[in-house]
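# Remarks on the overall topology
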Amino acid sequence: MKRFLQLILVSILIGLICLFISHKYTAKEHTKSGEKIYVYNWGEYIDPSLIKKFQKETGIEVVYETFDSNEAMEAKIRNGGTHYDVAFPSDYTVEKMKSEHLLLPLNHKKIPNIKNLDSDYMNMPYDRGNKYSMPYFFGTVGILYNKKAYPNASFDSWQSLYNKQYKNDILLVDGAREIIGLSLNKLGYSLNDTNNTHLREAESNLTKLGPNVKGVVGDEVTMMLEQHEANIAVVWSGVAAPIVQENDDFDYVVPKEGSNLWFDNMVIPKTAQNKAGAYKFMNFLLDERNNKQNTEWVGYATPNKAARASLPAEIKHDNRFYPSQQTQSKLEVYKDLGKEALSEYNERFLNFKMSLK
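Residues numbered from 1 in each chain as written. Predicted model: local features only at pLDDT ≥ 70, side-chain atom pairs only at ≥ 80, totals over all residues. Heavy atoms only, no water.

Identification of the protein chain as Spermidine/putrescine ABC transporter substrate-binding protein from Staphylococcus gallinarum is taken from an unreviewed UniProt entry. Recorded in UniProt under Subcellular location (unreviewed entry), the annotation for the protein chain is "Periplasm". (UniProt positions renumbered as here; feature names shortened; annotations may be inferred.)

## What to know about the overall build of the protein chain
Helix and strand content of the protein chain: 14 helices and 10 strands. Taken over 357 residues, the protein chain has a buried fraction of 48%. Here the analysis covers contacts within the protein chain between residues at least 6 apart in sequence; of these, 76% occur between residues at least 24 apart. Split by element, the accessible area of the protein chain, about 17,900 Å² in all, is 52% carbon and sulfur. In the protein chain, which carries 43 positive and 44 negative side-chain charges, the distance between the mean positions of the two groups comes to 7 Å. (Helix = DSSP H or I, 4+ residues; strand = E, 2+ residues; numbered from the N terminus. Buried < 20%, exposed > 50% of the residue type's maximum accessible area, 1.4 Å probe, protein only. Contact = heavy atoms within 4.5 Å. Areas by Shrake-Rupley, 256 points an atom, 1.4 Å probe, with all protein chains shown as cover. Lys, Arg positive; Asp, Glu negative; His and termini not counted. Charge placed at Lys NZ, Arg CZ, Asp CG, Glu CD.)

## Description of the packing of helix α2 (residues 48–58) against helix α9 (residues 275–285)
Across the interface, α2 lies against α9 with an axial gap of 11 Å and an inter-helix angle of 130 degrees. Taken together, α2 and α9 sit at an angle that is classed as oblique. As for how α2 packs across α9, the hand of that crossing is right-handed. Contacts from Leu50, Lys53, Phe54 and Glu57 in α2 reach Gly277, Lys280, Phe281 and Phe284 in α9. The residue makeup of the contact of α2 with α9, split by class, is four nonpolar, one polar and three charged. (Axes fitted to C-alpha atoms, helices over the stretch in contact; angles between N-to-C directions. Parallel < 35°, antiparallel > 145°, perpendicular 65-115°, else oblique. Left-handed = near helix turned anticlockwise from the far one by under 90°. Nonpolar A, V, L, I, M, F, W, Y, C, P; charged D, E, K, R; others polar.)

## Some points on the nonpolar core
Counting 103 residues, the largest nonpolar core has Phe88, Leu144, Leu161, Ile179, Ile232, Val235 and Phe281 as its most contacted members. Take this core: its biggest share by element is eight residues, from strand β4 (residues 134–146). When residues of this core are assigned to domains, at least three map to each of domain 1 (36–138 + 263–322) and domain 2 (139–261 + 330–355). (Core = buried A, V, L, I, M, F, W, Y, C linked by side-chain atoms within 4.5 Å. Domains from an automatic or database assignment.)

## Structural notes on helix α10 (residues 288–298)
Because an α-helix packs 3.6 residues into every turn, residues spaced three or four apart end up facing the same way. Within the span of α10, buried status applies to Asn290, Asn291, Asn294, Thr295 and Val298. Angularly, the buried residues of α10 cover 130 degrees about the axis, an arc narrow enough to put them on a single face. In this fold, the buried residues of α10 make contact with α2, β4, α9 and α11 (305–309). Put simply, Asp287 is the residue that caps the front of α10, since its side-chain oxygen is 3.1 Å from the backbone nitrogen of Arg289. Where α10 terminates, the next one or two residues include Gly299, which has phi positive at roughly 100 degrees. (Arc of directions from axis to C-beta. Polar contact = N/O pair within 3.5 Å; in protein donor to acceptor, adjacent residues only side chain to side chain.)

## Here's the deal with the UniProt feature "binding site: spermidine" (unreviewed entry) in the protein chain
Sites flagged by UniProt as "binding site: spermidine" (unreviewed entry) map to Glu44 and Tyr92. Topologically, Glu44 is positioned in the loop between β1 (36–42) and α2. In this view, Tyr92 contacts Asn70, Glu71, Arg177, Tyr334, Lys335 and Asp336; residues no more than four positions away in its chain are not counted. At a separation of 3.4 Å, a polar atom in the side chain of Tyr92 contacts the side chain of Glu71.

Laid out in structure tokens, this is it:
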């Protein structure tokens, strides 16, 4: 009995020692990996291996969430709940969030890799001096089409989409600014026009395009084009780039009347809890090698001059996705039009979509 009690006591003692060692190890690990940053980005908009690399290099855990619209992202940041440390709004949303005091001004000294950014894509109207934002990716809106289906066609004008031979063969991205915008451009108006008469004219003009429209779609546009469910699409350049680079049957054009030059950006929301970690993450993504890797994975154009220089020649010299200064002079960056004007864009776009049914 005595021997049995001794064995029990020894077992208890060993258990307590193991528990102490385990607790000490866990506490040490918790201290090491306890720092976190909360990142809010568009879906499929960063190479996942870069997040792992950042965590390994810094010991900072990345809690990563995605959104599917600027409006959803902005609303969640404004309403609180999750205190995101880095977010990725588009140009006009930066302007809006800035005016609503939702962003922190950036300390450029804490982002030394800012030196890698191309001055051509800095100091944009929505954020002069890049006081609140750093450009992440940029692109255009244009026409992607199958050359094999239409070997003699020219899509250098928005007017070309209205040709009756393209009946039920055009896909449109599901974006009010983009689709009302193509009609505004076609008519010679600004993408940021808020004149009611011009917007009414743009909606009316779009209805003439209706018979040629197969659908207003989202992410399925690539699959539909590749499966020849349609042969023409109005898309963002980042959607077009991997298709034309992998399939010689396709080409992408920015129409001569003009189009949108858009930017997605990195910002630090005012409610950020880990500002130091946010700066590290932003600087990490602006590193030349990391940015090159990210650009090749995402497929959009990078404003990072150093990273672009190391991209394959067929990518970095492709003026369809890195527009010349001459082309860029005809492009417009979206402005924050205000709630009333944006509602009118959305309502007129909805009217157009309803007319397709």
